[in-house]
Amino acid sequence: MKVYNTLSRSIEEFTTLQPGRVSMYVCGPTVYAKAHIGHAMSALVFDIIRRYLEFKGYEVNHVMNFTDVDDKIILRAREKRMDPFALGEMYIREFEEHLIAFNILPATVNPRATREMDQIIKMISGLIEKGFAYPVDGDVYFRVTKDRGYGILSGRRIDDMQSGYRIDVDARKEHPMDFALWKAAKPGEPAWDSPWGKGRPGWHIECSAMNLNHLGEQIDIHGGGNDLIFPHHENEIAQSESFTGKQFARYWIHNGMLQLSGEKMSKSIGNLISIEEFLANHSADTLRMLVLNSGYRNPLSYSEEILTQAERAIDRLRSSLKPALPGAAGISREGVEVLSKQVIASEQGFIQSMDDDFNSSGALASLFELVRVINQARADGATDEQLSTAQQKLLDLTGVLGLTLQKTEETGHAADGFIDLLIEIRKDLRANKLWELSDKVRDRLAELGVVLEDSKEGTSWHWK
RNA sequence: GGCGACGUGGCCAAGAGGCUAAGGCAAGGGUCUGCAAAACCCUGAUCAUGGGUUCAAAUCCCAUCGUCGCCUCCA
């Protein structure tokens, strides 16, 4: 198995610290607002990776955090006249519901910054002792110049960055690039006791502490959006490695950004689609299919057109799961042979693609080949029994990708009898060649979302 | 200004030195059908542009143009 590692900017052979086990930390959201589908995309990417690792037989220890204390949360809570903790709690609960809706497997642990204060303080103290950090007026800063490896992930040199005019100059910092590990509390803000006075942790140290606490000094995979590479992940490396003296994460995996009208979907630009909004109009599989088709590292341009394409692609996968034609007579031994050979070929192709840096787009191609062969067999008259192995394989493999292929429509059985009745009546109409009336029944049912399909053996129907 | 990613048929997207450049969507033609729908069959790209390396390049190198991300909070 090969994986693209941001750290080396190249594809590397994947090996784990412990045989058969993968420790994976993924940066979750800061809970200060409704999540948008960019957040969902990131969670989906790592869900797909996690599912595939499990398919490969690894036991995955998957940690995804919630940043539940931060400037924005405090600001937002003040605006809404809410308690910042209650605000965070609300959005965490909402996000967890979204994860379920998207068929994203629950992480092994979902730690929260506010519950990791001991570890955070311990780490900051340790960094100060080792000379990697210094307190000033109740704040604590990381001493970037002391860390010789600083810039290794993002490929930046401290000197290059120094020339940037965007860095705010704070006279209390030794170097403009030094970043906060601990921030002294202003009146009215949530605060915790520390050796440096009341305050709260900086964003970066939270993740370092949660990693250490839940996965240990070294982890296999650290993931997140590629917008986190700098400064967040760079700083995490600086903190963790300075503290432990060991290499922190072995593979850094970053997903590309979801874009809307040519720009990254983000709060500040305001070009976002909330998860709520998305799910009101589309199935969870749709977004997953979008992600699967595009490749996790590439930017993904969101548009109505591409959404339709994804939905049609899902229909295509589903088409192969339909039962045999009514009155199917069965196909020849050679035909069955072709089908079972394709099952093997598709599974191999699937694995080969996914092994190559989770090439889900290539993996899908293998699945669509299986779809074609299944449909060919059905058209040739294969029975349900003859189709079942291939169909089961397709379900298994789409399941590895996290697709459910379920109909969103969960209509009660109540309507079924009426539809059957209409079909029965229409059958008589057709027998008497009353085409106009029979077409009217079909058209009106179509308007109601019921699709009729006539065949020699009779009429079948399904919800659109 | 610095760092990085990318540009493959109408759209999305694999492929990363050499077999017919995957697959999906859309389109056109056909089979089936009373007509449809579904399914099946058939049809299309020389790979942003210009140089170069090589027996051989979409794949490597250089340049140009273009798009996007990061450099401030961000999945």
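Moving on to the overall build of chain A. Across its full length, chain A carries 15 helices and 15 strands. If one aligns the C-alpha atoms of chain A with their principal axes, the spans along those axes are about 90 × 50 × 35 Å. Taken over 464 residues, chain A has a buried fraction of 50%. When contacts within chain A are restricted to residue pairs at least 6 apart in sequence, long-range pairs at least 24 apart make up 76% of them. Summed over all atoms, the accessible surface of chain A reaches about 22500 Å², with 50% contributed by carbon and sulfur.

With that settled, the discussion passes to the nonpolar core. Counting 83 residues, the largest nonpolar core has F14, I37, L53, F102, Y302 and F350 as its most contacted members. The leading source of residues in this core is helix α1 (residues 37-55), at eleven residues. With sequence-adjacent residues up to four places away left out, F350 is seen in contact with Y52, A363, S366, L367, L397, V400 and L401.

Turning to the protein's contact with RNA strand B, a few remarks are in order. As a matter of local geometry, RNA strand B sits amid 66 residues, with W203, G225, L228, K264 and Q376 nearest to it. Near the protein, meaning within 4 Å, the atoms of RNA strand B are sugar or phosphate in a fraction of 65%, with bases accounting for the rest. G225 places a main-chain nitrogen or oxygen 2.3 Å from a sugar or linking oxygen of RNA strand B. Between RNA strand B and the protein, one listed contact pairs a base nitrogen with a backbone N or O atom of L258 at 3.0 Å. At nine residues, the largest contribution of residues to the surface near RNA strand B is made by helix α12 (residues 360-379). Partitioned by chemical class, the residues of the surface near RNA strand B number 17 nonpolar, 27 polar and 22 charged.

Turning to helix α13 (residues 384-400), a few remarks are in order. With 17 residues, α13 ought to run about 24 Å at 1.5 Å a step, and its terminal C-alpha atoms sit 23 Å apart, in line with that. Taken together, the buried positions of α13 are L387, A390, Q391, L394, L397, T398 and V400. Taken together, the buried residues of α13 touch α1, α10 (304-319), α11 (333-355) and α12. Looking one or two residues past α13, G402 carries a phi angle of roughly 90 degrees, positive in sign.

Let's shift gears to the packing of aromatic side chains. Enumeration over the complete set of coordinates arrives at 18 aromatic pairs. For the pair F55 and F350, a centre-to-centre distance of 6.2 Å together with 85 degrees between the ring planes defines the contact as edge-to-face. Of the two residues, F55 is situated in helix α1 and F350 in helix α11; the sequence distance between them amounts to 295 residues. Judged by its relative accessible area of 0%, F350 falls in the buried class. The structure contains a cluster of three or more aromatic residues connected by ring pairs, namely Y52, F55, Y296, F350 and F358. Its guanidinium or amino end placed over the ring of F243, K130 lies 5.3 Å from that ring's centre, counting from NZ or CZ. Note that R297 overlies the ring of Y4, its terminal NZ or CZ placed 3.8 Å from the centroid.

Within a sheet, each strand pairs with its neighbour through backbone hydrogen bonds, oriented either parallel or antiparallel. The strand order across the open sheet formed by three strands is β12-β11-β13, and the pairing between neighbours is mixed. The open sheet has two edge strands, β12 (263-264) and β13 (300-302), and neither has a second partner.

Let us now look at the packing of helix α6 (residues 203-214) against helix α7 (residues 229-244). Between α6 and α7, whose axes approach to 9 Å, the crossing angle comes to 50 degrees. With respect to each other, α6 and α7 are oriented oblique. Two packed elements cross with a definite hand, and for α6 against α7 that hand is right-handed. Note on element contacts: α7 touches α6 through P231, H232, N235, E236, Q239, S240, F243 and T244, opposite W203, H204, I205, C207, S208, N211 and L212. Of the residues that constitute the contact of α6 with α7, the class distribution is six nonpolar, eight polar and one charged.

For a regular strand, the rule is simple: side chains alternate between the two faces of the sheet. Where strand β3 (residues 21-26) and strand β4 (residues 59-64) come together, six bridges link them in parallel fashion. Across the sheet, V26 pairs through a bridge with M64, a residue of β4.

Right, let's get into the pattern of salt bridges. This structure, assessed with the given rule, holds 31 salt bridges. E13 is paired through a salt bridge with K2; the nearest N and O atoms lie 3.3 Å apart. Of this pair, E13 sits in strand β2 (residues 10-13) while K2 sits in strand β1 (residues 2-5); the two residues are eleven residues apart in sequence, bridging distant segments of the chain. On the basis of relative accessibility, which here comes to 43%, the residue E13 falls in the partly exposed class. Since its relative accessible area comes to 40%, K2 is described here as partly exposed. The salt bridge partner of E453 is K322, with a shortest N-O separation of 3.8 Å.

What counts, and where the lines are drawn
Residues numbered from 1 in each chain as written. Chains lettered and ligands numbered in written order. Predicted model: local features only at pLDDT ≥ 70, side-chain atom pairs only at ≥ 80, totals over all residues. Heavy atoms only, no water. Helix = DSSP H or I, 4+ residues; strand = E, 2+ residues; numbered from the N terminus. Buried < 20%, exposed > 50% of the residue type's maximum accessible area, 1.4 Å probe, protein only. Contact = heavy atoms within 4.5 Å. Areas by Shrake-Rupley, 256 points an atom, 1.4 Å probe, with all protein chains shown as cover. Core = buried A, V, L, I, M, F, W, Y, C linked by side-chain atoms within 4.5 Å. Near = heavy atom within 4 Å. Polar contact = N/O pair within 3.5 Å; in protein donor to acceptor, adjacent residues only side chain to side chain. Nonpolar A, V, L, I, M, F, W, Y, C, P; charged D, E, K, R; others polar. Expected span 1.5 Å × (residues − 1). Phe/Tyr/Trp six-rings, centres within 6.5 Å; stacked < 30°, edge-to-face > 60°. Lys NZ or Arg CZ within 6 Å of the ring centre and 35° of its normal. Pairing = 2+ DSSP bridges. Axes fitted to C-alpha atoms, helices over the stretch in contact; angles between N-to-C directions. Parallel < 35°, antiparallel > 145°, perpendicular 65-115°, else oblique. Left-handed = near helix turned anticlockwise from the far one by under 90°. Salt bridge = Lys/Arg side-chain N within 4 Å of Asp/Glu carboxyl O.

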